[in-house]
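# Examination of the molecular architecture
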Amino acid sequence: MDQNAKKQAAAKAAIEIIELEGFIGVGTGTTTDYFIDLLAEHKHQIDGAVASSVASADRLQENGIAVVDLNGVGDLAIYVDGADEATHHRHLIKGGGGALTREKIVAQASKLFICIVDDSKIVDRLGRFPLPIEVIPMARSYVAREMVKLGGRPELRHGFTSDNGHQIIDVYDLEIRKPITLEETINQIPGVVGNGLFARRGADIILVGGDKGVERFD
């Protein structure tokens, strides 16, 4: 089974276990795109979706699914999103697509967070994938220096601006032994808007597409 088929299998598994009603929180990325396309087959059963990015909002609307602002619906029952890395403890790194801050907001506002990935994203310890940090532009160099103190190698994501109008620093070579502690430490650096560690509020369920089907961790 190729990687795309694994992603599609994980997305289909999510469709099969969620309650298709009300408003659904929807994340960003290639695996989530498969989920959106499958959700379109059930669009008459739901009221609409809250999107974590402009790209996802566009894809939802192209599929005929109404997109609403989180402020208009309050807390969500379900949020479905992918990840760049995930552990069996359901800690994640997200933000390869640059939507980490909005993704974290929607995840935090949701009662159930389902993460859908292919098996290449499962790791024993986070950190192989560079950790994205969204920063206010004037704080970029300061935040980068602080990340060097934490053992990382920061690089500006050139030519990229988040949907919030901010820049992204990708931090390589971090040893992430205590994800929750590191997430909180980075969040305390002035100028940081958000970081791609989803550990304080990790996934409730991870659905992993692999050669033998979909494995579930919860």
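Below: a short report on this structure. In this text, all values refer to a predicted model and were calculated from it rather than measured experimentally. Every chain begins its residue count from 1, and numbering advances along the sequence as written. Per-residue local features are limited, in this predicted model, to residues with pLDDT of at least 70; the limit for side-chain atom pairs, both in listing and counting, is 80 or more; totals at the level of whole chains, interfaces and linings are taken over all residues. In computing side-chain properties, one takes all heavy atoms of the structure into account and sets aside hydrogens as well as water.

### What to know about the overall build of the protein
For the record, the criterion: Runs of E in the DSSP output that reach at least two residues are strands. Runs of H or I that reach at least four are helices, and both are numbered from the N terminus. The classification of residues rests on relative accessible area computed with a 1.4 Å probe and restricted to protein chains. Under 20% of the type maximum is buried, over 50% is exposed, and intermediate values are partly exposed. Any two residues whose heavy atoms approach within 4.5 Å at even a single point are treated as in contact. We get accessible surface area from the Shrake-Rupley algorithm with a probe of 1.4 Å; when it comes to residues, only the shown protein chains can shield them. The charge count includes Lys and Arg as positive and Asp and Glu as negative, but it does not include His or the ends of the chains. Just so you know, the charge point we use is NZ for Lys, CZ for Arg, CG for Asp and CD for Glu.
Assigned secondary structure in the protein consists of six helices and 13 strands. Principal-axis analysis of the C-alpha atoms places the extent of the protein at approximately 50 × 40 × 30 Å. Relative to its full complement of 218 residues, the protein shows a buried share of 52%. A separation of at least 24 residues holds for 72% of the contacts in the protein among residues at least 6 apart in sequence. Here the protein displays about 10200 Å² of accessible surface, and carbon together with sulfur accounts for 47% of that area. Separation between the mean location of the 24 positive side-chain charges and that of the 32 negative ones in the protein comes to 5 Å.

### Some remarks on unusual backbone geometry
Phi is positive for R90, close to 70 degrees, though the residue is something other than glycine. Turning to its location among the elements, R90 is positioned in the loop between β4 (85–86) and β5 (92–93). In this structure R90 comes out as partly exposed when scored by relative accessible area, which is 25%.

### A word on the environment of Q167
What counts here: As used in this structure description, the phrase polar contact means that two N or O atoms lie within 3.5 Å; if the pair is within protein, one of them must be able to donate a hydrogen and the other to accept it, and residues adjacent in sequence are counted only when both atoms belong to side chains.
Tracing the backbone through its elements, the reader meets Q167 in strand β9 (residues 167–172). For the pair Q167 and D124, spaced 43 residues apart in sequence, the C-alpha separation works out to 29 Å. Leaving out residues up to four positions away in the same chain, Q167 has contacts with I133, E134, V135, P137, R140, L156 and F160. For Q167, the side chain forms a polar contact with the side chain of R140, separated by 3.3 Å.

### Some details on the pairing of strand β13 (residues 213–217)
Which entries qualify depends on this criterion: A pair of strands is labelled paired if DSSP reports no fewer than 2 bridges between them.
Pairing of strand β12 (residues 205–210) with β13, which is carried by five bridges, proceeds in the antiparallel orientation. Across the sheet, V208 pairs through a bridge with E215, a residue of β13. Connecting β12 to the antiparallel partner β13 that follows it, the hairpin turn spans two residues.

### Regarding the sheet that holds β5
One open sheet holds the three strands; their spatial order is β4-β5-β11, and the pairing between them is antiparallel. Looking along the sheet, the strands with just one partner apiece sit at the ends: β4 and β11 (197–198). Strand direction decides the pairing type here: β5 and β11, joined by two bridges, are antiparallel. Each residue of the ladder has a partner; that of L92, found in β11, is F198.

Take it as geometry only, folks, not as evidence of what the structure does.
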